[in-house]
Amino acid sequence: MTLEQQFLSTAGRINRKIFVQYVFAFILLCILLAIPTILLNFTRSGFIVEIISSITFIIIELAMLPGIFLSVKRLHDLNKSALFVIYYILPLINIALLLYLIFFKGSAGDNKYGASPLDDDYDENFSENPLPKSLDMMDILEQKFFSTVGRVNRKPLILYLIFLIVCGIIGFSIYYVFFMVNPAALYMDIVSSGEILLMYYLFTAYIFITMPLRFLLIRRLHDLNLSGWWSILGIILPYGYIVLTIILIFIKGSIKENKYGKSPLVKND
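Note that the structure is predicted; figures quoted are calculated from it, not measured.

A. Molecular detail of the overall build of the protein chain. Across its full length, the protein chain carries nine helices and zero strands. In the protein chain, the succession of α and β elements from N to C terminus is α-α-α-α-α-α-α-α-α. The buried share among the 269 residues of the protein chain stands at 37%. Sequence-distant contacts in the protein chain: of pairs separated by 6 or more residues, those separated by 24 or more amount to 76%. If you sum the accessible surface of the protein chain, you get close to 16,400 Å²; carbon and sulfur atoms cover 71% of it.

B. Region of the structure containing the pattern of salt bridges. A full pass over the atoms with the stated rule returns five salt bridges. Between Arg220 and Asp223 there is a salt bridge; the shortest N-O distance is 2.7 Å. Pair noted here: Arg220 and Asp223 are both in helix α7 (residues 193-223), with a separation of three residues, about one helical turn. Here Asp223 falls in the buried class, since its relative accessible area comes to 3%. Each of the salt bridges in this network shares a partner with another, and the network as a whole consists of Arg13, Arg74 and Asp77.

C. Layout of the environment of Lys112. With respect to the element layout, Lys112 can be found in the loop between α4 (93-103) and α5 (137-145). What makes Lys112 partly exposed here is its relative accessible area of 39%. Distance from Lys112 to His76, taken between C-alpha atoms, is 8.3 Å for residues 36 residues apart in sequence. Within the local environment of Lys112, its side chain forms a polar contact with the side chain of Asp139, the two groups lying 3.1 Å apart.

D. Just α4, in detail. All buried positions along α4 are accounted for by Leu97, Leu101 and Ile102. On an axial view of α4, the arc spanned by its buried residues comes to 135°, and they lie on one face.

E. A nonpolar patch on the surface, seen in detail. On the surface, a nonpolar cluster with roughly 740 Å² of combined accessible area is contributed by Tyr239, Ile242, Val243, Ile246, Ile247, Phe250 and Ile251. Among the secondary structure elements, Val243 is positioned in helix α9 (residues 240-250).

F. Structural view of the packing of aromatic side chains. Summed over all chains, the structure comprises seven aromatic pairs. Between the aromatic rings of Tyr160 and Phe163, the centroid separation amounts to 5.7 Å while the plane-to-plane angle is 45°, which identifies the pairing as tilted. Placement of both Tyr160 and Phe163 in helix α6 (residues 154-180) is noted, with a separation of three residues, approximately one turn of the helix. Through successive ring pairs, a cluster of aromatic residues spans Phe69, Phe146 and Phe215.

G. A look at the nonpolar core. In terms of nonpolar packing, the biggest core is built from 37 residues, with Phe19, Phe146, Leu157, Leu213, Phe215, Leu217 and Leu248 touching the most fellow members. Of all the elements in the fold, those that place two or more residues in this core are α2 (16-40), α3 (46-77), α4, α6, α7 and α9. Element by element, the count of residues in this core is highest for α7, at eight residues. Apart from the residues lying within four places of it in its own chain, the contact partners of Leu213 are Leu157, Tyr160, Leu164, Tyr241 and Thr245.

H. Looking closely at a negative patch on the surface. The grouping of Asp110, Asp119, Asp120 and Asp121 at the surface amounts to a negative patch. Among the structural elements, Asp121 can be located in the loop between α4 and α5. According to the relative accessible area criterion, Asp121 is partly exposed, its value standing at 39%.

I. Molecular detail of α9. Taken residue by residue, α9 has Gly240, Tyr241, Leu244, Thr245, Leu248 and Ile249 as its buried positions. Along the long axis of α9, the arc covered by the buried residues comes to 160°, so they all point the same way. Residues of α9 that are exposed and point more than 90 degrees away from the buried face comprise Ile242 and Phe250.

J. Geometry of the side chain of Arg13. Looking at the secondary structure, you find Arg13 in the loop between α1 (3-7) and α2. Judged by relative accessible area, Arg13 falls into the buried class, the value being 1%.

K. The confidence of the model for the protein chain, seen in detail. Here the protein chain averages 82 in pLDDT, while 81% of its residues score no lower than 70. Here α7 stands out as the least confident element of the protein chain, with mean pLDDT 79; α4 is the most confident, with 93.

L. Up close: the environment of Pro117. Counting through the fold element by element, Pro117 comes out in the loop between α4 and α5. Residue contacts for Pro117: discarding those within four places in its chain leaves Arg13, Ile14, Asn15, Asp77 and Tyr122.

Conventions adopted
- Residues numbered from 1 in each chain as written.
- Predicted model: local features only at pLDDT ≥ 70, side-chain atom pairs only at ≥ 80, totals over all residues.
- Heavy atoms only, no water.
- Helix = DSSP H or I, 4+ residues; strand = E, 2+ residues; numbered from the N terminus.
- Buried < 20%, exposed > 50% of the residue type's maximum accessible area, 1.4 Å probe, protein only.
- Contact = heavy atoms within 4.5 Å.
- Areas by Shrake-Rupley, 256 points an atom, 1.4 Å probe, with all protein chains shown as cover.
- Salt bridge = Lys/Arg side-chain N within 4 Å of Asp/Glu carboxyl O.
- Polar contact = N/O pair within 3.5 Å; in protein donor to acceptor, adjacent residues only side chain to side chain.
- Arc of directions from axis to C-beta.
- Patch = residues over 30% accessible without salt bridge, like charges linked within 9 Å, V, L, I, M, F, W, Y side chains within 5 Å.
- Phe/Tyr/Trp six-rings, centres within 6.5 Å; stacked < 30°, edge-to-face > 60°.
- Core = buried A, V, L, I, M, F, W, Y, C linked by side-chain atoms within 4.5 Å.
- Lys, Arg positive; Asp, Glu negative; His and termini not counted.
- Charge placed at Lys NZ, Arg CZ, Asp CG, Glu CD.
- pLDDT = per-residue confidence, 0-100.

The structure is reproduced here in structure tokens:
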């Protein structure tokens, strides 16, 4: 099993041990990064604090990216759909989900997401196979928006980008009506609880509607016969996800089958 298959793929399953190791490593990283950030807050150099804070944010976001896919694979081990990962954006429920993934034992033996990760030959026999065809709506949604298995052509990415633009216009309109019309409301000392709640809902909606983009970008990279690791450019570069999405819209994918599967333009029998 390659590093991409382990940390940037939704295929297969992982047991509790691997997931717990990731969680503890992520917590330790956050603690180590918090120390210099706190110490720098006592300095008077706002520029240095801003640079360090930006670097810290990028490192944390990079560390969080594999967590999404490991969470999906852990859900698969529990025979649950990847769609449950969206609960991470909900307060308190996200904690309950994390505890569920840490403490609950996975399915014994094979399930519809693959063989048990406890099998001795799991890594050797690992293969990124799509879910079997199903009329279950959650399976269909997972295959379309919460899976990194296989490839997608430019059309789904274009349609999703249009959807994001429409949602962005709606979100900005709501923000404009409630805040820009009353500039004084931008100062937090007089912002009402209702306005704070609205800001939270807008942010939550943003996270929710952009989460599938990470999965689509990896499958689009696969269509170009490129590793999913290129998706980290969306985190490192300024406006990275926008730039990466636009680039992938204009580049044509591999015509023939590549190492990530058959061309999405070829109809399955």
